[in-house]
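What follows is the residue order along each chain.
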Amino acid sequence: MPSQDRRRAVPRTDRVLADPVLEPLAATVHRDVLRHWIAEAQESVRAGRLEPDELCAAVIARSRMSPGRVINGTGVIVHTNLGRAPLSASAQAALGSAGGCTAVELDLSTGRRGPRAPGVAEALLARVPSAEAAHVVGNGAAAVLLAVTALAAGREVIISRGELVEIGDGFRLPELLETTGARLREVGTTNRTRLEDYSKALSPETGCVLKVHPSNFHMAGFVGTVPVVELASIGVPLIVDVGSGLLEPHPLLPGEPDVTTTLAAGADLVTCSGDKLLGGPQAGLILGRAPAIERARRHPLARAMRPGKLTLAALEATLRAPSTPVADMLSVDTSTLRARAERIAAAAPGLLSVRSCRSVVGGGGAPGLTLDSVGLSLPVHLSERLRHGDPPVLTRVSEGQCILDLRTVAPDDDAILVTALVGALDGPVPGR
Ligand SMILES: *Cc1c(COP(=O)(O)O)cnc(C)c1O
């Protein structure tokens, strides 16, 4: 169609809005948002990418494009691009209840203002008895910043050159630390740092020592770091950023530091994320000695890093629950996964095959570690089709193979997965 005719063929906004098929959307979507979607579709018609009679369908399809749930078949347990830890059912229910009015800062027994969400710190201390106190902020990076600011602003923070890491997306720990107003005193080398390196750097200017767990890379060979118990002996405040939020040692993750052991080894403050191996919402935790926690809690920055009521509710529910989806995914055995895989494969005999694969922890920690797992081997062209489904199903494609790892799929989602797989297999096979 010549472009002039195409312009004339674009349905007018008031006509589109009056179309009965858009009535349900008009009742549930803000007018300005709906007009924006219509304008987008009109532009597509003008550009020849869409037929005029497809416009309403395109607007309806657009309304479904939102950050809804996806099924994670990638085998990456804590997938940064999929929102890290999936919340437990009880944490999701807590989000719903806290969404309305909730007594987040009100003592219901007296009717007066009370401490903010005291149940969160209580649950944290019940889970980590070696901590005297705890404080929650918006994410793990904020926890490190607040802890360092409280103990070392205007003074020096001593850190090993082997721990000046990039967290991700271009954010580098040394640059973050400089924003606290503390001066970095780098010691040791990239691969080896000794206790003397730290003790020689001590001066009246020292505010604290910071030890950071390298949670996204793995160094091997001629390497050496100083254990927490030795660092704690040098007589200055010690902050340890363990990253992943494991509260106690995990048998499958021997190299992953945990909060309880790190505090028992003598750290004054331990920091971590809430949404990695802890399995909760995005949050940052600081646990440790009461006076140091109090300094962090009273610091003006603490107000700028305060988490919202939804975070606090989901975190408390996560800490109270006997397990989390992340913990369940870590510990599920391969015979359980194989039985699930066989049941799913039976839905499409001859098209899906069960196979062994390997999962990883991902953004949550334990770099380099893989876990034996079981999944489904799929025709490669299904990967894209599944990703475009509702709900989208994410698989892993590597070396020309498409694998759907069942370790990272919640067992409750198996039925939805079968429907998605059968639907995707029904489509035409490309190139035939
Ligand atoms: C993930 C991580 C951080 C950053 O935590 P966020 O929750 O992403 O802000 C900081 N330090 C370590 C060691 C980490 O693993």
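Every chain begins its residue count from 1, and numbering advances along the sequence as written. Local features in this predicted model are restricted to residues whose pLDDT is 70 or higher, and side-chain atom pairs enter the listing and the counts only when it is 80 or higher, whereas totals over whole chains, interfaces and linings include all residues. Note that the side-chain values use all heavy atoms of the structure and ignore hydrogens as well as water.

*Asks:* Describe the site of the ligand, with residues and values.
*Replies:* For this purpose, a residue is taken to be near a molecule or strand whenever a single non-hydrogen atom of the residue falls within 4 Å of it. Surrounding the ligand, one finds R84, N139, G140, A141, I167, H213, S215, D241, G243, S273 and K276. By the criterion applied in these results, polar contacts are pairs of N or O atoms within 3.5 Å in which, for protein atoms, one can donate a hydrogen and the other can accept it, and in which residues neighboring in sequence qualify only through two side-chain atoms. One nitrogen or oxygen atom from the side chain of S215 is found 2.4 Å from an oxygen atom belonging to the ligand. Note that a nitrogen atom of the ligand is positioned 2.5 Å from one of the side-chain N or O atoms of D241. Here the ligand loses 89% of its free accessible area of 380 Å² to cover by the protein chains. Secondary structure elements are taken from DSSP: a helix is a run of H or I of four residues or more, a strand is a run of E of two residues or more, and numbering for both begins at the N terminus. Listing elements by their share of the shell around the ligand, those giving two or more residues are α8 (140–152) and β11 (238–243). Using the Shrake-Rupley algorithm and a 1.4 Å probe, accessible areas are obtained, with residue cover drawn only from the displayed protein chains.

*Asks:* How would you summarise the sheet that holds strand β17 (residues 396–398) if you had to cite specific residues and measurements?
*Replies:* Within the open sheet, the five strands sit side by side as β2-β14-β15-β18-β17. Their pairing is mixed. Looking along the sheet, the strands with just one partner apiece sit at the ends: β2 (76–78) and β17. Going across the sheet, the axis of each strand differs from the next one's by a mean of 45°, ignoring polarity. Should DSSP find at least two bridges between two strands, the strands are regarded as paired. Two elements, β2 and strand β14 (residues 353–362), share two bridges in a ladder whose sense is parallel. Across the sheet, the residue bridging to V78 is G362, located in β14. To obtain each axis, a line is fitted to C-alpha atoms, and for helices this fit is confined to the stretch in contact; angles are then taken between N-to-C directions over 0 to 180 degrees.

*Asks:* Before we move on, can you summarise the environment of T370 with the specific residues and values?
*Replies:* Turning to its location among the elements, T370 is positioned in strand β15 (residues 370–378). Relative accessible area decides the class of each residue, using a 1.4 Å probe on protein chains only: under 20% of the type maximum gives buried, over 50% gives exposed, and in between gives partly exposed. Among the residues examined, T370 registers a relative accessible area of 36% and is labelled partly exposed. It is 9.8 Å that separates the C-alpha atoms of T370 and G75, two residues lying 295 residues apart in sequence. By definition, residues are in contact when any of their heavy atoms lie within 4.5 Å. Not counting chain neighbours up to four residues away, the residues in contact with T370 comprise R358, S359 and V360. Within polar-contact distance, the side chain of T370 engages the side chain of R358 at 2.7 Å.

*Asks:* Tell me about the sheet that holds strand β12 (residues 269–273), residues and numbers included.
*Replies:* Reading across the sheet, the seven strands line up as β5-β13-β12-β11-β10-β6-β9 and stay open at both edges, with mixed pairing between neighbours. Each edge of the open sheet carries a strand with a single partner, namely β5 (133–137) and β9 (183–187). Each neighbouring strand pair of the sheet contributes to a mean axis angle of 25°, computed without reference to strand direction. Pairing analysis gives four bridges linking strand β10 (residues 206–212) to β11, with the strands arranged parallel. Opposite K211, over in β11, you have V240 as the bridge partner. Strand contacts of helix α7 (residues 118–127): β5 and β13 (284–288), with the helix running at about 125° to β5, the strand carrying the most contacts. Contacts from helix α13 (residues 290–298) reach β5, β12 and β13 within the one sheet, and its direction differs from that of β5 by about 25°.

*Asks:* Could you give an account of the nonpolar core, with specific residues and numbers?
*Replies:* In this structure, V136, Y198, V209, V259, L285, L287 and L315 are the most contacted members of the largest nonpolar core, which totals 34 residues. If near-sequence neighbours (up to four positions away) are discounted, V136 is found in contact with V120, L124, A283, G284, L285, P307, L312 and L315. Only buried residues count toward a nonpolar core. Its members are Ala, Val, Leu, Ile, Met, Phe, Trp, Tyr and Cys residues joined through side-chain atoms within 4.5 Å.

*Asks:* Let's hear about helix α15 (residues 309–320): which residues, and what values?
*Replies:* Multiplying one less than the number of residues by 1.5 Å gives the expected span of a helix. Here α15 is twelve residues long and its end C-alpha atoms lie 17 Å apart, about the 16 Å a rise of 1.5 Å per residue gives. Buried residues belonging to α15 abut α6 (89–98), α7, β5 and β13.

*Asks:* Break down the packing of α7 against α15 for me, citing the residues and quoting the values.
*Replies:* Their axes nearest at 9 Å, the elements α7 and α15 cross at an angle of 25°. Taken as axis vectors, α7 and α15 run roughly parallel relative to one another. As for how α7 packs across α15, the hand of that crossing is left-handed. Here G119, V120, A123, L124 and R127 of α7 come into contact with α15, specifically with L312, L315, E316, T318 and L319. Split into classes, the residues belonging to the contact of α7 with α15 amount to six nonpolar, two polar and two charged. Each angle is binned into one of four classes, with values under 35 degrees roughly parallel, values over 145 roughly antiparallel, values of 65 to 115 roughly perpendicular, and all other values oblique. Two helices cross in a left-handed way if the nearer one is turned anticlockwise from the farther one by less than a right angle. They cross in a right-handed way if the turn is clockwise. The residue classification treats Ala, Val, Leu, Ile, Met, Phe, Trp, Tyr, Cys and Pro as nonpolar and Asp, Glu, Lys and Arg as charged. All others, Gly included, are polar.

*Asks:* Lay out the pattern of salt bridges with the relevant residues and their values.
*Replies:* By convention in these notes, a salt bridge is any Lys or Arg side-chain nitrogen within 4 Å of a carboxyl oxygen on Asp or Glu. A full pass over the atoms with the stated rule returns 19 salt bridges. Between R46 and E43 there is a salt bridge, with its nearest N and O atoms 3.0 Å apart. Of this pair, R46 and E43 are both found in helix α4 (residues 31–46), three residues apart, which corresponds to roughly one turn of the helix. Using a relative accessible area of 39% as the deciding quantity, one classes E43 as partly exposed. With its nearest N and O atoms 2.4 Å apart, the salt bridge here joins R183 to E205. In this pair, R183 sits in strand β9 while E205 sits in the loop between α10 (195–201) and β10, placing the two residues 22 residues apart along the sequence. Given the relative accessible area of 37%, E205 is considered partly exposed. Members of the salt-bridge network, linked through shared partners, are E105, R113, R116 and R306.

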